[in-house]
Amino acid sequence: MIFSCVLRKSLAFGPEHVEWLGRQVERFYPECEFRPFSDVPLGIPHEILRDNLPTWWSKMEAYARLQALAPVTMLDLDTVITRRLELPV
């Protein structure tokens, strides 16, 4: 399972939000990969957005690039993971 999110340059969200979300995934799903996408530099490994799609449409690019690798769960940057849920494989 891959967890992913998208950060596009904005005033509302920054790299710290992606890194915080990554720590939540690591805590509750240590066996899963966290692979965020961004058009700004992050302090953690990430993929660079290529298609310049507007706003939330960039999630479509991220999903398209990941779906062949493993099941993907896309997260919003304001998601808070408070416990582990059993996810379909």
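Residues numbered from 1 in each chain as written. Predicted model: local features only at pLDDT ≥ 70, side-chain atom pairs only at ≥ 80, totals over all residues. Heavy atoms only, no water.

S.K.: Honestly, the overall build of the chain in this entry has me stumped. Any pointers?
M.R.: Tallying secondary structure elements over the chain gives two helices and six strands in all. When the helices and strands of the chain are listed from N to C terminus, the series reads β-β-α-β-β-β-α-β. In terms of overall size, the chain behaves like a compact globule, its C-alpha atoms giving a radius of gyration of 12 Å where 89 residues would be expected to give roughly 12 Å. Overall, the C-alpha framework of the chain stretches about 35 × 25 × 20 Å when taken along its three principal axes. Counting every position in the chain, which comprises 89 residues, the buried fraction comes to 34%. A fraction of 67% describes how many contacts in the chain between residues 6 or more apart in sequence connect residues 24 or more apart. (Helix = DSSP H or I, 4+ residues; strand = E, 2+ residues; numbered from the N terminus. Rg over C-alpha atoms; globule rule 2.2 N^0.38 Å. Buried < 20%, exposed > 50% of the residue type's maximum accessible area, 1.4 Å probe, protein only. Contact = heavy atoms within 4.5 Å.)

S.K.: What am I meant to see in a nonpolar patch on the surface here?
M.R.: Together, Trp 56, Trp 57 and Met 60 line one region of the surface with nonpolar side chains, adding up to about 360 Å² of accessible area. For Met 60, the location among the structural elements is in helix α2 (residues 58-66). Overall, the relative accessible area of 43% leaves Met 60 in the partly exposed class. (Patch = residues over 30% accessible without salt bridge, like charges linked within 9 Å, V, L, I, M, F, W, Y side chains within 5 Å. Areas by Shrake-Rupley, 256 points an atom, 1.4 Å probe, with all protein chains shown as cover. Salt bridge = Lys/Arg side-chain N within 4 Å of Asp/Glu carboxyl O.)

S.K.: Please explain the packing of aromatic side chains as it appears in this structure.
M.R.: What characterises a pair of aromatic rings is the spacing of the ring centres plus the angle enclosed by the ring planes. Following the criterion strictly, the structure yields two aromatic pairs and no others. Judged by centre distance (4.9 Å) and plane angle (40°), the ring pair of Phe 3 and Tyr 29 falls under tilted. Of this pair, Phe 3 sits in strand β1 (residues 2-4) while Tyr 29 sits in the loop between α1 (15-28) and β3 (33-34); the two residues are 26 residues apart in sequence, bridging distant segments of the chain. Take Phe 3: its relative accessible area is 3%, and that puts it in the buried class. (Phe/Tyr/Trp six-rings, centres within 6.5 Å; stacked < 30°, edge-to-face > 60°.)

S.K.: What is the right way to look at the sheet that holds strand β2 (residues 6-7) in this model?
M.R.: Working definition: the strands of a sheet are paired by backbone hydrogen bonds and lie parallel or antiparallel to each other. If you walk across this open sheet you meet the three strands as β2-β4-β5, and the pairing is parallel. Each edge of the open sheet carries a strand with a single partner, namely β2 and β5 (47-48). Note: strand β4 (residues 37-38) against β5, two bridges, orientation parallel. Its bridge partner being in β5, Phe 37 is matched across the sheet by Glu 47. (Pairing = 2+ DSSP bridges.)

Read these as layout, nothing more, since geometry by itself doesn't imply function.
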